[in-house]
Amino acid sequence: MSKYRPPAAYALAVLLLLVVVVLTTPNGATRARWSATGQAEVPALTMGVVGFDVAGTGSSATLTNASGFGVRYRPVQISVLDGGAPVAPPAGLRLAYRTGTDCGAPESPATWAAVAPGGSAAVAVPGSTRAPLERDRPAELCLTVSTDDVAEDALRLLAGRPLQVVTQVEATTLDGGSWSATRSWTMPFTVDLPPVTAPMPPVPADAAQCRAADNTASLRWTWSGASGAPAVTEWQVLVRPRGSTGAPTLVKRVPGAATRDIPLTATDLRRIAGYEKNQEYEALVRAVLGPGTGHHVDSAYAWTIKIAGASDNINCEGLPS
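Residues numbered from 1 in each chain as written. Predicted model: local features only at pLDDT ≥ 70, side-chain atom pairs only at ≥ 80, totals over all residues. Heavy atoms only, no water.

Trainee: Explain the layout of surface pockets residue by residue, including any values.
Mentor: Each pocket or cavity is described by its volume, and for the largest pocket that value is around 170 Å³. Along its surface, the largest pocket is lined by Tyr-73, Thr-99, Gly-100, Ala-131, Pro-132, Leu-133, Glu-134, Arg-137, Pro-138, Ala-139 and Glu-140. For the lining of the largest pocket, the secondary-structure elements that each account for two or more residues are strand S8 (131-133) and strand S9 (139-146). With three residues, the top contributor of residues to the lining of the largest pocket is S8. Looking at side-chain class alone, the lining of the largest pocket contains six nonpolar, two polar and three charged residues. (1 Å grid on protein atoms, 1.4 Å probe; cavity = no way out; pocket = protein on both sides within 12 Å on 5 of 7 lines; lining within 4 Å. Points joined across faces, edges and corners; volume = space filled by probe spheres on them. Helix = DSSP H or I, 4+ residues; strand = E, 2+ residues; numbered from the N terminus. Nonpolar A, V, L, I, M, F, W, Y, C, P; charged D, E, K, R; others polar.)

Trainee: Give a description of the packing of aromatic side chains that names residues and reports values.
Mentor: Applying the stated criterion across every chain, the model contains five aromatic pairs. Ring geometry for Tyr-97 and Trp-185: centres 6.5 Å apart, planes at 65 degrees, overall edge-to-face. Of this pair, Tyr-97 sits in strand S5 (residues 94-99) while Trp-185 sits in strand S11 (residues 180-190), and the two are 88 residues apart along the sequence. (Phe/Tyr/Trp six-rings, centres within 6.5 Å; stacked < 30°, edge-to-face > 60°.)

Trainee: Give me the nonpolar core: which residues, what numbers.
Mentor: In terms of nonpolar packing, the biggest core is built from 37 residues, with Phe-52, Leu-63, Tyr-73, Ile-78, Leu-143 and Trp-185 touching the most fellow members. Residue contacts for Leu-63: discarding those within four places in its chain leaves Phe-52, Asp-53, Val-54, Tyr-73, Leu-133, Pro-138, Ala-139, Leu-141 and Val-169. With 26 residues, the next largest nonpolar core counts Ala-217, Val-285, Ala-287 and Val-297 among its residues. (Core = buried A, V, L, I, M, F, W, Y, C linked by side-chain atoms within 4.5 Å. Buried < 20%, exposed > 50% of the residue type's maximum accessible area, 1.4 Å probe, protein only. Contact = heavy atoms within 4.5 Å.)

Trainee: Please set out empty space enclosed by the protein residue by residue, giving values where relevant.
Mentor: Inspection of every chain in the model, using the stated rule, returns one cavity of 30 Å³ or more. Lining the largest cavity we find 13 residues, and of these Val-80, Pro-90, Leu-93, Leu-158 and Leu-163 sit closest to its centre. In terms of residue class, the lining of the largest cavity is made up of twelve nonpolar, one polar and no charged.

Trainee: Before we move on, could you go through the side chain of Ser-299 and cite the residues and values that matter?
Mentor: By the secondary structure assignment, Ser-299 is in the loop between strand S19 (295-298) and strand S20 (303-307). Owing to a relative accessible area of 7%, Ser-299 belongs among the buried residues under this scheme. The contact partners of Ser-299, leaving out residues within four places of it in the chain, are Pro-201, Pro-202, Leu-284 and Val-285.

Trainee: Explain the state of the cysteines to me, and be specific about the residues and the numbers.
Mentor: Summed over the entire model, instances satisfying the criterion amount to one disulfide. Across the disulfide, Cys-103 is cross-linked to Cys-142 (sulfur-sulfur distance 1.9 Å). Pair noted here: Cys-103 is in the loop between S5 and strand S6 (112-115) and Cys-142 is in strand S9, with a separation of 39 residues, a long-range link. (Disulfide = S-S within 2.5 Å.)

Trainee: Explain the environment of Ala-139 to me, and be specific about the residues and the numbers.
Mentor: Looking at the secondary structure, you find Ala-139 in strand S9. It is 7.4 Å that separates the C-alpha atoms of Ala-139 and Thr-99, two residues lying 40 residues apart in sequence. Those residues in contact with Ala-139 that sit more than four places away from it in its chain are Ala-61, Thr-62, Leu-63, Tyr-73 and Leu-133.

Trainee: Please give an account of the confidence of the model for the chain that cites residues and values.
Mentor: This prediction gives the chain a mean pLDDT of 78; 74% of its residues lie at or above 70. Least confident of the elements in the chain is helix H1 (residues 7-24), whose mean pLDDT is 54; most confident is S6, at 94. (pLDDT = per-residue confidence, 0-100.)

Trainee: Tell me about the sheet that holds strand S2 (residues 60-65), and name the residues and values.
Mentor: What the five strands build is an open sheet, ordered S1-S2-S9-S5-S6; its pairing is antiparallel. Pairing within the sheet leaves two strands with one partner each, and these edge strands are strand S1 (52-57) and S6. Pairwise comparison of adjacent strand axes, ignoring direction, gives a mean angle of 20 degrees for this sheet. (Pairing = 2+ DSSP bridges. Axes fitted to C-alpha atoms, helices over the stretch in contact; angles between N-to-C directions.)

Trainee: Can you break down the environment of Thr-265 residue by residue, with the values?
Mentor: Here Thr-265 shows up in strand S17 (residues 261-265). The partly exposed category is assigned to Thr-265, whose relative accessible area is 23%. If near-sequence neighbours (up to four positions away) are discounted, Thr-265 is found in contact with Asn-215, Thr-216 and Ile-314.

Trainee: Got a sec to walk through the environment of Leu-174? Specific residues and values, please.
Mentor: Here Leu-174 lies in the loop between strand S10 (162-173) and S11. Given a relative accessible area of 45%, Leu-174 falls into the partly exposed group. Expressed as a C-alpha distance, the spacing of Leu-174 and Val-71, which sit 103 residues apart in the sequence, is 4.9 Å.

Trainee: Just give me the short version of unusual backbone geometry, but keep the residues and values in it.
Mentor: At Asp-136, a position not held by glycine, the phi torsion is positive, near 65 degrees. Relative to the helices and strands, Asp-136 is located in the loop between S8 and S9. By relative accessible area, which is 62% here, Asp-136 ends up exposed.

Trainee: How would you sum up the pattern of salt bridges? Please name residues and give values.
Mentor: Under the definition given, this model contains twelve salt bridges. With its nearest N and O atoms 2.6 Å apart, the salt bridge here joins Asp-149 to Arg-94. With a gap of 55 residues between them, Asp-149 in the loop between S9 and helix H2 (152-158) and Arg-94 in strand S5 connect regions that are remote in the sequence. Residue classification places Asp-149 among the partly exposed residues on the basis of a relative accessible area of 47%. Lys-252 is paired through a salt bridge with Asp-268; the nearest N and O atoms lie 3.3 Å apart. With Lys-252 in strand S16 (residues 249-255) and Asp-268 in helix H3 (residues 266-269), this pair connects stretches of sequence that are 16 residues apart. Residue classification places Lys-252 among the partly exposed residues on the basis of a relative accessible area of 23%. On the basis of relative accessibility, which here comes to 3%, the residue Asp-268 falls in the buried class. Salt bridges here are not isolated pairs; linked through shared partners, they connect Lys-252, Asp-268 and Arg-271. (Salt bridge = Lys/Arg side-chain N within 4 Å of Asp/Glu carboxyl O.)

Take a look at the structure:
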């Protein structure tokens with residue numbers, strides 16, 4: 001037969017259980033008893049610095065990756081300098097970049113190529129293709145410059161001048177992140193003077209025509225510029241006493257684009273050193289080639305001209321027989 005337990009005993013037991021629960025629940029003072037301490041190793045973290053070097057020798061450069069990770073690179077911009085001053089690359093100038101151990105071989109395909117549009121001091125290399133550059137495995141980059149598509153007059157302006165072709169090369173992380181570095185490489189370059197086919201000299205078209213009323217002689221000629229010859233920038237008329245072997249006197253000049261017909265007056269003839277009335281003078285026409293070439297071609301001494309008597313009338317004998 002069970003012994004009767006009064007309700008007060010049950011209440012006391014429940015109260016005792018609640019006290020135990022409260023005392024054993026973690027709080028500000030007891031929470032540390034329920035925690036554990038551990039240590040884990042974290043891999044070394046590399047900050048975003050791309051170690052990248054470009055060392056150029058002649059028409060090739062060696063690219064080195066000094067980063068702790070792989071990168072990709074490509075040329076992004078080209079500039080041409082003349083003695084340190086920017087020069088606008090002539091339109092049609094072609095630049096081709098090749099990679100690999102035999103990158104200097106012109107038959108190998110170009111990895112990047114650019115064509116100068118003209119009128120700009122810097123040329124952007126189109127495309128976004130980048131070549132991988134592994135750590136501790138240098139890569140070769142070669143540059144070939146072609147002037148085949150450059151106009152001859154533009155080449156003559158640069159011919160013989162020691163130029164510098166500067167390439168900006170950019171390296172970025174393999175995953176296309178924002179880390180990047182840019183280095184420049186300078187290659188010396190000299191434009192060769194293009195071959196010139198000697199043009200035929202100016203040819204007098206007919207006898208000089210004299211107009212006494214205007215005291216003027218009209219000199220006319222034809223011109224056949226040979227293939228590959230530079231353009232005529234100026235026409236000149238030179239005169240000397242007939243039979244003389246001395247240097248002629250420049251008495252008239254007109255732009256190369258002008259009509260090949262020059263009026264010559266008595267005032268023009270009086271500019272000749274040692275001018276004398278009734279003296280016969282020989283005239284020739286000179287084609288000045290250029291610009292900036294210093295070359296010219298002369299016609300024969302085709303016309304005989306003089307001022308007759310006390311007047312200013314010019315007598316023309318035209319082409320010699």
